[in-house]
Amino acid sequence: MKTKELVYAALFAALIAVLGMIPPLPLGFIPVPVTAQTLGVMLAGCFLGRRMGTLSLVVFIILIALGLPVLTGGRGGLALLVGPSSGYIFSWLVAAGFIGWCSEKIWRRVRIWKLIAVNLIFGVLLVNLIGAPVMALITDTPVWTGLIGALAFLPGDMIKAVIAAVITMQLKEISPIEDQAGV
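Residues numbered from 1 in each chain as written. Predicted model: local features only at pLDDT ≥ 70, side-chain atom pairs only at ≥ 80, totals over all residues. Heavy atoms only, no water.

Going by an unreviewed UniProt entry, the protein chain carries the name Biotin transporter and comes from Paenibacillus phytohabitans. Quoted straight from UniProt, the Sequence similarities (unreviewed entry) entry for the protein chain says "Belongs to the BioY family." UniProt annotates the protein chain under Subcellular location (unreviewed entry) with the comment "Cell membrane". (UniProt positions renumbered as here; feature names shortened; annotations may be inferred.)

Structure, rendered in structure tokens:
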């Protein structure tokens, strides 16, 4: 792995942490707040690609485990990786990988609507389909109740999917995906 790739991964882990400084929006009926951090997850996948996007989330999760206050509300620690938000946190790793893989596949003929679709499928639907059932199991709530509660995340997540696609298209020329072999 090149130094440049490590720097990108660290930079995006830091970006996701900075997005955690934006105050969360607690919903009251679900123990997981609305945060801006999923925007960083989508950006990591779209802009960095599969390998570096996934690595940035590995770094971010390690920072959480070490207890650094990188999650929204200044939270960190191992307890969060087994609590109600854990499904969402670990789904970010999977989402960044799938978003990155799809971005690499479409990069030669990338269009904004394609990136929006990729973000909606993997950055919104996949994250909620993993996060909500895990949250429901941990809080001893029916899975359907968790999935219905997760519908509250959809409007904001859809906006974040569009923002991530627009930013990626604006910065397309400097994306490390351009440098990767075969692209």
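From this point, the narrative continues.
A short note on the packing of helix α5 (residues 112–138) against helix α6 (residues 143–150)
One way to put it is that α5 packs onto α6 with a least axis distance of 8 Å and a crossing angle of 130°. It follows that α5 is oblique to α6 by the angle criterion. Crossing of α5 over α6 shows right-handed handedness. On the side of α5, the interface is formed by Asn128, Leu129, Ala132, Pro133, Met135, Ala136 and Leu137, while α6 contributes Val143, Gly146, Leu147 and Ala150. (Axes fitted to C-alpha atoms, helices over the stretch in contact; angles between N-to-C directions. Helix = DSSP H or I, 4+ residues; strand = E, 2+ residues; numbered from the N terminus. Parallel < 35°, antiparallel > 145°, perpendicular 65-115°, else oblique. Left-handed = near helix turned anticlockwise from the far one by under 90°. Contact = heavy atoms within 4.5 Å.)

A closer look at the nonpolar core
Within the largest apolar cluster, 48 residues are counted, with the highest numbers of intra-cluster contacts made by Leu57, Phe60 and Tyr88. Apart from the residues within four sequence positions on either side, Leu57 is in contact with Ile16, Val41, Ala44, Trp92, Leu93 and Ala96. (Core = buried A, V, L, I, M, F, W, Y, C linked by side-chain atoms within 4.5 Å. Buried < 20%, exposed > 50% of the residue type's maximum accessible area, 1.4 Å probe, protein only.)

Considering the side chain of Ser56
With respect to the helices and strands, Ser56 occurs in helix α3 (residues 50–65). Ser56 sits in the buried class, given a relative accessible area of 0%. Side-chain polar atoms of Ser56 contact the backbone oxygen of Gly53, separated by 2.6 Å. In contact with Ser56, not counting residues within four places along its chain, are Ala9, Phe12, Ala13, Ala44 and Leu48. (Polar contact = N/O pair within 3.5 Å; in protein donor to acceptor, adjacent residues only side chain to side chain.)

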